[in-house]
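Residues per chain, in single letters:
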Amino acid sequence: MRLWLAVFTTVALTLVSSTLAQAPTVELVGYAELPADTFDEGPASGEFTGAGGKEAAARFEGQPVQGFSGIQFGEDGSYWLLSDNGFGSKYNSIDYQLRINNLMLNPKTAEGGDATVTLNNAIILSDPDKHIPFYIVNEFTRERILTGFDFDIESFVIADDGTLWIGDEFGPFLLHVDATGKVLEPPFPTPDFGEGKNPEEDFVQSPQNPALMANVPNPGEPSPATLKRSQGFEGMAISPDKTKLYPMLEGTVVGDSEGTVRIYEFDLTTKTYTGIVGRYPFEDPANAIGDFAVINDNEFLVIERDGVSGADAITKHVYKIDLSQQDDNGIVQKELVADLLQISDPNDLAPSTQEGVFSFPFVTIEDVLVLDENTILIANDNNYPGTGGRGEEVKDNNEFIWLRLTTPLELARGVGQP
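We now turn to the structure provided with this report. These numbers were taken from a predicted model, which means no experiment stands behind them.

### Quick look at the sheet that holds strand β11 (residues 188–191)
Strand order across the open sheet formed by 5 strands is β8-β9-β10-β11-β12, with antiparallel pairing between neighbours. Looking along the sheet, the strands with just one partner apiece sit at the ends: β8 (153–158) and β12 (203–204). As judged from the 2 bridges shared by β11 and β12, these two strands associate in the antiparallel manner. In the strand pairing of β12, Pro 191 is matched with Phe 203.

### Considering a negative patch on the surface
A cluster of acidic side chains, namely Asp 160, Asp 161, Asp 241 and Asp 297, defines a negative patch on the protein surface. Locating Asp 161 in the fold gives a position in the loop between β8 and β9 (164–168).

### Re the nonpolar core
Among soluble globular proteins, nonpolar side chains are generally buried collectively. Tyr 280, Leu 301, Ile 376 and Ile 378 are the most contacted members of the largest nonpolar core, which totals 47 residues. Those residues in contact with Tyr 280 that sit more than four places away from it in its chain are Met 248, Gly 259, Thr 260, Val 261, Ile 263, Ile 289, Val 302, Glu 304, Tyr 319, Ile 321, Val 332 and Lys 334. In terms of nonpolar packing, the next biggest core, distinct from the first, is built from 19 residues, Trp 80, Ile 100, Leu 164 and Leu 175 among them.

### Side note on the packing of aromatic side chains
Considering all chains together, one arrives at 26 aromatic pairs under this definition. Between Phe 87 and Tyr 96, the aromatic rings sit 5.7 Å apart at their centres with planes inclined by 75°, giving edge-to-face as the arrangement. Per residue, the accessibility class of Phe 87 equals that of Tyr 96, and both read buried. Centroid distance Phe 360 to Phe 362: 5.0 Å. Interplanar angle 80°. Geometry classified as edge-to-face. Each member of the pair, Phe 360 as well as Phe 362, carries the same accessibility label: buried. Geometry around Phe 149 places Lys 90 over its ring, the cationic atom sitting 4.4 Å from the centre. The ring of Tyr 319 is capped by Lys 334, whose NZ or CZ atom sits 4.0 Å from the centre of that ring.

### Some remarks on the environment of Ile 100
Within the secondary structure, Ile 100 sits in strand β6 (residues 99–106). Residue class for Ile 100 comes out buried when judged on its relative accessible area of 0%. Residues Ile 100 and Ile 123, 23 residues apart in the sequence, show an inter-C-alpha distance of 5.1 Å. Beyond its immediate chain neighbours, meaning those up to four positions away, Ile 100 contacts Trp 80, Leu 81, Leu 82, Asn 121, Ala 122, Ile 123, Phe 156, Leu 164 and Ile 166.

### Quick look at the sheet that holds strand β1 (residues 26–34)
Pairing in this open sheet of 6 strands is mixed, and the strands run β22-β21-β1-β25-β24-β23 from one edge to the other. The strands lining the two open edges of the sheet, one partner per strand, are β22 (357–358) and β23 (365–372).

### Points about unusual backbone geometry
The omega torsion of the bond from Gly 171 to Pro 172 falls at -5°, within 30 degrees of zero and hence cis. Among the structural elements, Pro 172 can be located in the loop between β9 and β10 (173–177). Backbone torsion omega between Tyr 384 and Pro 385 reads 0°, so that peptide bond is classified as cis. You can see Pro 385 is positioned in the loop between β24 (375–380) and β25 (398–404). The phi dihedral of Asp 348 is positive, around 50°, even though this residue is not glycine. You can see Asp 348 is positioned in the loop between β21 (343–344) and β22. For Glu 355, which is not a glycine, the phi torsion comes out positive at approximately 55°. With respect to the helices, strands and loops of the structure, Glu 355 is situated in the loop between β21 and β22. Look at Glu 355 and you get exposed, because its relative accessible area is 84%.

### Topic: the pairing of β10
Summarising burial for β10: 5 of the 5 residues are buried, a large majority. Residues Phe 173, Leu 175 and Val 177 of β10 are buried on one face, and the alternating residues Leu 174 and His 176, pointing to the opposite face, are buried as well. Relative to β10, β9 runs antiparallel, the two being bridged by 4 bridges. In the strand pairing of β10, Leu 164 is matched with Val 177.

### Focus: the environment of Phe 300
Its place among the elements puts Phe 300 in strand β18 (residues 299–305). Of the residues examined, Phe 300 reaches a relative accessible area of 0% and is grouped as buried. In the structure, Phe 300 is positioned 55 residues away from Leu 245 in sequence and 12 Å away in space, judged by C-alpha atoms. In contact with Phe 300, other than residues within four places in its own chain, are Ala 237, Tyr 246, Phe 292, Ala 293, Val 294, Ile 295, Tyr 319, Lys 320, Ile 321 and Leu 323.

### Regarding the side chain of Asp 192
Residue placement: Asp 192 occurs in the loop between β11 and β12. Within the structure, the side chain of Asp 192 is placed 2.8 Å from the backbone nitrogen of Gly 194, a separation counted as a polar contact. If we skip the residues at most four places from it in the chain, Asp 192 touches Lys 197, Asn 198, Pro 199, Asp 202, Phe 203, Val 204, Val 253, Arg 262 and Tyr 264.

### Let's talk about the pairing of β9
Within a regular beta strand, the side chains point alternately toward one face of the sheet and then the other, so they alternate between its two faces. β9 sits mainly inside the fold: 5 of its 5 residues count as buried. Because side chains alternate across β9, one face comprises the buried residues Leu 164, Ile 166 and Asp 168, and the other comprises Trp 165 and Gly 167, equally buried. Looking at chain direction, β8 and β9 are connected through 5 bridges and run antiparallel. Paired with Val 157 across the bridge in β9 is Trp 165. Between β8 and β9, which pair antiparallel in sequence order, lie 5 residues; one of them, Gly 162, sits at a positive phi of approximately 90°. Joining the antiparallel neighbours β9 and β10 is a turn of 4 residues.

Conventions adopted
Residues numbered from 1 in each chain as written. Predicted model: local features only at pLDDT ≥ 70, side-chain atom pairs only at ≥ 80, totals over all residues. Heavy atoms only, no water. Pairing = 2+ DSSP bridges. Helix = DSSP H or I, 4+ residues; strand = E, 2+ residues; numbered from the N terminus. Patch = residues over 30% accessible without salt bridge, like charges linked within 9 Å, V, L, I, M, F, W, Y side chains within 5 Å. Areas by Shrake-Rupley, 256 points an atom, 1.4 Å probe, with all protein chains shown as cover. Salt bridge = Lys/Arg side-chain N within 4 Å of Asp/Glu carboxyl O. Lys, Arg positive; Asp, Glu negative; His and termini not counted. Charge placed at Lys NZ, Arg CZ, Asp CG, Glu CD. Core = buried A, V, L, I, M, F, W, Y, C linked by side-chain atoms within 4.5 Å. Buried < 20%, exposed > 50% of the residue type's maximum accessible area, 1.4 Å probe, protein only. Contact = heavy atoms within 4.5 Å. Phe/Tyr/Trp six-rings, centres within 6.5 Å; stacked < 30°, edge-to-face > 60°. Lys NZ or Arg CZ within 6 Å of the ring centre and 35° of its normal. Polar contact = N/O pair within 3.5 Å; in protein donor to acceptor, adjacent residues only side chain to side chain.

Dropping the structure here:
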């Protein structure tokens, strides 16, 4: 009991101290947007309901370019942006092809620009070599293209060898694919390093994990899941030297202190998890992680958000954490870097700016990338065809915002614009 009280007190004090901190003023220095109704080539989509039943017809002629949940640098000034599982759930995303889009961003700035976004191409994820050990939607096809029923991809990084590592929420799993999107090896499950657990035998699993879905408990029996649905690897960073991954869960694992989430370390040389390197404390246990980006060997940026949008939004924050500064329970130190509901826009770069103040009140803000010591790039997941950020009846566009920070970041070599 005393240990539990100590943990609770530590977390509570951390939450209170960070909540009381005043967010420094950040300035909008660039703005661009991609219209919600943007589509790429591919089969018709949106034919399935949330229960997996079929609609009378597919809602869309192609594949929507939407739901951006991860961002990394591309070549020649472009960016790679990962679309999540499609239409918001496992069963209504059966016909959505998992993809990572290459986009050219042309922000409006004080010096000019037209605030447009151009789609160059996309990587479609596939498993032609049959590495995935469970049935997928396109199990018996030659290409075995992966869909939003198979995985809910929410984060990714690009390794030194040009391959991609992707964080999934359904397992949660880590996926390893080549530059064409082809799966290279079986998905990596998430070991449970919690108290009393054997990480070689015990794994963190959500109710959407294929192993649990294949063995549904009888009525009245407890679920063996140790993580709520859709709370897997929402964020993931890679170390400056590109030797380690830091996947970050979105939700609290059963047995952990409520309102904290695990930050794992995965060694790319041995392709093994080495343990938990820190625990991030939410301002409110109901909040969620949006993304996770590297600054240097110890410091990272975290997007923390509440579950509402528009005028009801309260918490849309960017924090800096330091893995070398944590208490005896592994709770990391956090510092408020930006309040995304209060952004200075003296040059009226964004169409929604009012009286010099720009707000980014989307329900899911899931992309952050460090550009240089003074500038970060943020984007939203618009949950296509979701509404609410700019009006109850207005489809949310994919908006991109460049923010100038008040205090420069201490970047490690190799972090920032290539």
